[in-house]
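Now for the letters of each chain:
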Amino acid sequence: MRNFTINGGAFLLDGAEFRVLSGALHYFRVLPEQWRHRLGMLRAMGLNTVETYVPWDLHEPRKGEFRRLDELAAFLDAAAEEGLLAIVRPGPYICAEWDNGGLPSWLTAELGPRVRTRDAEYLSHVERYFDEIVPLIADRQVTKGGNVIMVQVENEYGSYGSDAVYLRHLADDLIAHGVEVPLFTSDGADDFYLTGGTVPGVLATVNFGSGPENAFAKLREHRPDDPLMCMEFWCGWFDHWGQGHVTRDAADAADTLEQILAAGASVNLYMAHGGTNFGTTAGANRVGELAGGEYRPTVTSYDYDAPIDERGAPTEKFWRFREILSRYNPSPPDVPGLPPVLPPAAVPLVESVRLGDVLDEVAGPAVTAPLPPTFEDLGLTHGLALYRVEVPGPRRPYRLRVGGVHDRAHLYVDGELTAVLERGGEEPVLEVPGPATLELLVESMGRTNYGPALGERKGLMAPLMHDQQYLHGVTARPIALGELPALPYEDGLSAAVPAFFRGTLEVAEPADGFLALPGWGKGYVWVNGFLLGRYWDRGPQRTLYVPWPLLRAGANEIVILELDHAGSPTLDLRSEPDLG
């Protein structure tokens, strides 16, 4: 069996000094059929290790119901077979621009600010999660013939809290579950982070995008005997809806990487390959030091301007990094061939059905409560909820007050669309007479994944009011947007949205593509029943990546749910992405 240890400020693999040259690649953002290609790309760039988070909410979406555990095990095994060591970051919190930072929404709804602390009830949930996840990691340590060399304790905890008892408990719990390889923490390179987020006896690493000399000097102040490692070298960045597309100059990123390695440090590229926020998994952020400012949901693509782009192609950054890394890890293997791209094609949408006509097929049972139940109250992680409440009458028009929308709502008065409300937006002045029927179709976007705003709820956060009077007796129907049932589509395109629209993409053989929706507003796309993700005409992302494993030779079903306004009756399949 092999050993990976720390001695004299250096990493030792089987007794010899070893520099960790790692790259982040999240198994949950890449389809399993594509793992081998992406792992091969990491090796070809000159890396010897792959790093991945483990999202708790993916594996325990409902309390006590675990799923997809085999994916983590299979990914680590695939990495080993590709000749890569592995760093695993099981949380319980991960950030990662992932919904709720990976914490299940049922958990944060139940415990609120008690998460990420020594709270006994929270730790009991963590223990149950660790019981399922950590043995899969422990069984694959280098000490047991596997490839896992390091395991993280929590994630960037110094950016959040100072509960040293909590961190110590997690470290001890990981050891009790069989972790023998070095444990580590990662955080910003400042006193604030390194005094709040580290554990005595556990390796401390730092995260940054530039200024390695200053970052490592600060780390040395606190940990003079630890090996130097940048656990997250931010070589790119992510995008938010309604903001500009963020990129980083390849030469600038390469220069920083060169400085990191020249300092004798180990490194983990964040990200080496970003992948995609499939479905409704993308997170969100709030601006301001206390996360009390503008809400910014993250886009579907997690390309991250990484050296390996969203479909696995090498970028200029890849080639520059490969040249630098080859000095420290000579003779990298050849770059794997890239899977083909579909030729440009049109996807005519020929059938549709209004959402309101298929509520019984797509929505859960109605729940009636005095005040609007949240998504969490309805057992809904993400999707839509249709709220309905009556305005008493007869009465003259009074101001209708709708506050606390998380995150977007279409307001209907007696069946007519009256306003579209957005979280953080200015509340319109609406006067409504009674009697009247109010309906709000509320859509969730990502939950905040970083900072003190973690653990937010979705839906309507405040009661509806008619002038100063609360409107009681609210009925809500949850609409989960995962696997769609068979729907009674009709020929032709409905002029009334929200509605589902369906078309067929014909392909000779499966290959990658990029789907554009010219003229369409906001909604969701399914490919052969798989929820690809969200689209939104405010950008910056203008195309959605369609990975080849989702397609089959012949006819492929494309379904969109449009919430705002219908566009061209023909979608565009393109050969190149448009991320803004």
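Shown above is the structure to which this text applies.
Attention here is on the structure that accompanies the text. The written sequence of each chain sets the order in which its residues are numbered from 1. Only residues with pLDDT of at least 70 get local features here, since the model is predicted, and only at 80 or more are side-chain atom pairs given and counted; chain-wide, interface and lining totals rely on the full set of residues. Side-chain descriptors were evaluated using all non-hydrogen atoms of the structure, hydrogens and water having been removed beforehand.

Right, let's get into the overall build of the protein chain. Numbering goes from the N terminus for both helices and strands, where a helix is a DSSP run of H or I of at least four residues and a strand is a run of E of at least two. In terms of regular secondary structure, the protein chain is built from eleven helices and 32 strands. We compute the radius of gyration over the C-alpha atoms and compare it with the globule rule, which gives 2.2 Å times the number of residues raised to the power 0.38. Whereas a compact globule of 580 residues would reach a radius of gyration of roughly 25 Å, the protein chain reaches 25 Å, a difference of no more than 12%. For the protein chain, the spread of C-alpha atoms along the principal axes amounts to about 85 × 55 × 40 Å. Burial classes follow relative accessibility: with a 1.4 Å probe on protein chains only, a residue under 20% of its type's maximum area counts as buried, one over 50% as exposed, and anything between as partly exposed. Burial statistics for the protein chain: of 580 residues in total, 60% are counted as buried. Pairs of residues are marked as contacts when any of their non-hydrogen atoms sit within 4.5 Å. Within the protein chain, contacts between residues separated by at least 24 positions form 79% of all contacts whose residues are at least 6 apart in sequence. For accessible areas, the Shrake-Rupley method is used with a probe of radius 1.4 Å. Any residue's cover is judged against the shown protein chains and nothing else. Total accessible area on the protein chain is roughly 21400 Å²; 50% of this is exposed by carbon and sulfur atoms. For the charge count, each Lys or Arg is scored as positive and each Asp or Glu as negative, with His and the chain ends excluded. Each charge is placed at NZ for Lys, CZ for Arg, CG for Asp and CD for Glu. For the protein chain, the distance from the average position of its 48 positive side-chain charges to the average position of its 80 negative side-chain charges is 2 Å.

Attention now goes to empty space enclosed by the protein. Note on definitions: the grid is 1 Å and covers protein atoms alone; a cavity is a set of points where a 1.4 Å probe fits but cannot get out; a pocket is an open set with protein on both sides within 12 Å along at least five of seven lines; lining residues have an atom within 4 Å of a point. Grid points are joined across faces, edges and corners, and a volume is the space filled by probe spheres set on the points. Tallying each qualifying case throughout the model produces three cavities of 30 Å³ or more. If you add up the space inside the largest cavity, you get close to 60 Å³. In terms of lining residues, the largest cavity is bounded by W237, F238, D239, H245, V299, S301, Y302, D303, Y304, D305 and L579. Only Asp, Glu, Lys and Arg are considered charged, only Ala, Val, Leu, Ile, Met, Phe, Trp, Tyr, Cys and Pro nonpolar, and every remaining residue, Gly among them, polar. The class makeup of the residues in the lining of the largest cavity is six nonpolar, two polar and three charged.

If you walk around this closed barrel you meet the eight strands as 4-5-6-7-8-9-10-11, and the pairing is parallel. Across this sheet, the average inter-strand angle for adjacent strands is 30 degrees, counted without regard to direction. One bridge is not enough; two strands pair if DSSP finds at least two bridges between them. With five bridges joining them, strand 8 (residues 183–188) and strand 9 (residues 203–208) adopt parallel strand pairing. Its bridge partner being in strand 9, G188 is matched across the sheet by N207. Here an axis means a line fitted to C-alpha atoms, over the contact stretch when the element is a helix, while the angle between two N-to-C directions is reported on a 0 to 180 degree scale.

Glancing now at the layout of surface pockets. Counted as a void, the largest pocket has a volume near 970 Å³. Breaking the lining of the largest pocket down by element, the ones donating at least two residues are helix 2 (56–59) and strand 29 (530–536). Roughly 690 Å³ of internal volume is contained in the second largest pocket. Of all the elements in the fold, those that place two or more residues in the lining of the second largest pocket are strand 8, helix 7 (191–196), strand 10 (229–234) and strand 12 (284–286).

Another aspect to go through is the sheet that holds strand 1 (residues 4–7). Across the sheet, which stays open at both edges, the three strands sit in the order 1-2-3 with antiparallel pairing between neighbours. The two strands at the open ends of the sheet, each matched to only one other strand, are strand 1 and strand 3 (16–17). Where strand 1 lies against strand 2 (residues 10–13), four bridges are found, and the strand directions are antiparallel. Residue pairing for strand 2: F4 is matched across the bridge by L13.

Now for the pattern of salt bridges. A side chain with one charge may pair with a side chain of the opposite charge, provided their charged atoms come close. The salt bridge definition used is simple: a Lys or Arg side-chain nitrogen within 4 Å of an Asp or Glu carboxyl oxygen. Going through the model one piece at a time under the given rule, you end up with 44 salt bridges. R36 serves as the salt-bridge partner of E81, at 2.0 Å between the closest nitrogen and oxygen. Of the two residues, E81 sits in helix 3 (residues 69–81) while R36 sits in helix 1 (residues 35–45), which places them 45 residues apart along the sequence. For E81, a relative accessible area of 57% gives the class exposed. Among the residues examined, R36 registers a relative accessible area of 37% and is labelled partly exposed.

Turning to its location among the elements, Y304 is positioned in the loop between strand 13 (295–297) and helix 10 (316–325). Beyond its immediate chain neighbours, meaning those up to four positions away, Y304 contacts E97, W234, G236, W237, F238, Y270 and M271.

Let us look at the side chain of H177. Along the chain, H177 turns up in the loop between helix 6 (164–176) and strand 8. Among the polar contacts made by the side chain of H177, one reaches the side chain of D131 at a distance of 2.7 Å. With near-sequence residues (within four places) excluded, H177 lies in contact with E127, F130, D131, V134, P135 and A138. Throughout this description, a polar contact denotes any pair of N or O atoms lying within 3.5 Å of each other; where both atoms belong to protein, one of them has to be capable of donating a hydrogen while the other can accept it, and for residues adjacent in sequence the pair is counted only when both atoms sit in side chains.

Time to look at the side chain of H382. Here H382 is to be found in the loop between strand 15 (367–369) and strand 16 (383–401). A residue is classified by how much of its surface remains accessible, and H382, at 6% relative accessible area, is buried. A polar atom in the side chain of H382 sits 2.6 Å from the side chain of S444. Within polar-contact distance, the side chain of H382 engages the side chain of R447 at 3.1 Å. Once you skip the residues sitting within four places of it in the chain, H382 turns out to touch D99, T280, F375, S444, M445, G446, R447, K458, I479, A480, L481 and R534.

Let us now look at the state of the cysteines. For the purposes of this analysis, a disulfide is any pair of cysteine sulfur atoms at a distance within 2.5 Å. What the rule picks out here adds up to zero disulfides. A disulfide-free cysteine, C230 has its sulfur positioned 9.7 Å from the sulfur of C235, the nearest such atom. Using a relative accessible area of 0% as the deciding quantity, one classes C235 as buried.

This part takes up the packing of aromatic side chains. We call Phe, Tyr and Trp rings a pair once their centres come within 6.5 Å, taking the six-membered ring for Trp, and we label the pair stacked below 30 degrees between planes, edge-to-face above 60, and tilted otherwise. Evaluated as defined, the whole model comprises 27 aromatic pairs. Taking 4.8 Å as the distance between ring centres and 70 degrees as the angle between the ring planes, the aromatic pair formed by F28 and W98 counts as edge-to-face. Taken together, the residues span a long stretch of sequence, with F28 in the loop between strand 4 (21–25) and helix 1 and W98 in the loop between strand 6 (85–89) and helix 4 (105–111) at a distance of 70 residues. No difference in accessibility class separates F28 from W98, as the two residues are buried. Here a set of aromatic residues connected by ring pairs shows up, and it is made of Y53, W234, W237, F238, Y270, Y302 and Y304. A ring has a charge above it when a Lys NZ or an Arg CZ is no more than 6 Å from the ring centre and no more than 35 degrees off the ring normal. The ring of Y93 is capped by R116, whose NZ or CZ atom sits 3.5 Å from the centre of that ring. A cation over an aromatic ring shows up here: R423 above the ring of Y295, its NZ or CZ 4.0 Å from the ring centre.

Because side chains alternate across strand 2, one face comprises the buried residues A10 and L12, and the other comprises F11 and L13, equally buried. Linking two consecutive strands that pair antiparallel, namely strand 1 and strand 2, is a turn of two residues; a positive phi of about 60 degrees is found at G8 within it. Bridge count between strand 2 and strand 3: two bridges; the pairing is antiparallel. Bridge pairing links L12 to E17 in strand 3. Hairpin connection from strand 2 to strand 3: two residues lie between these consecutive antiparallel strands, with D14 at a positive phi of about 55 degrees.

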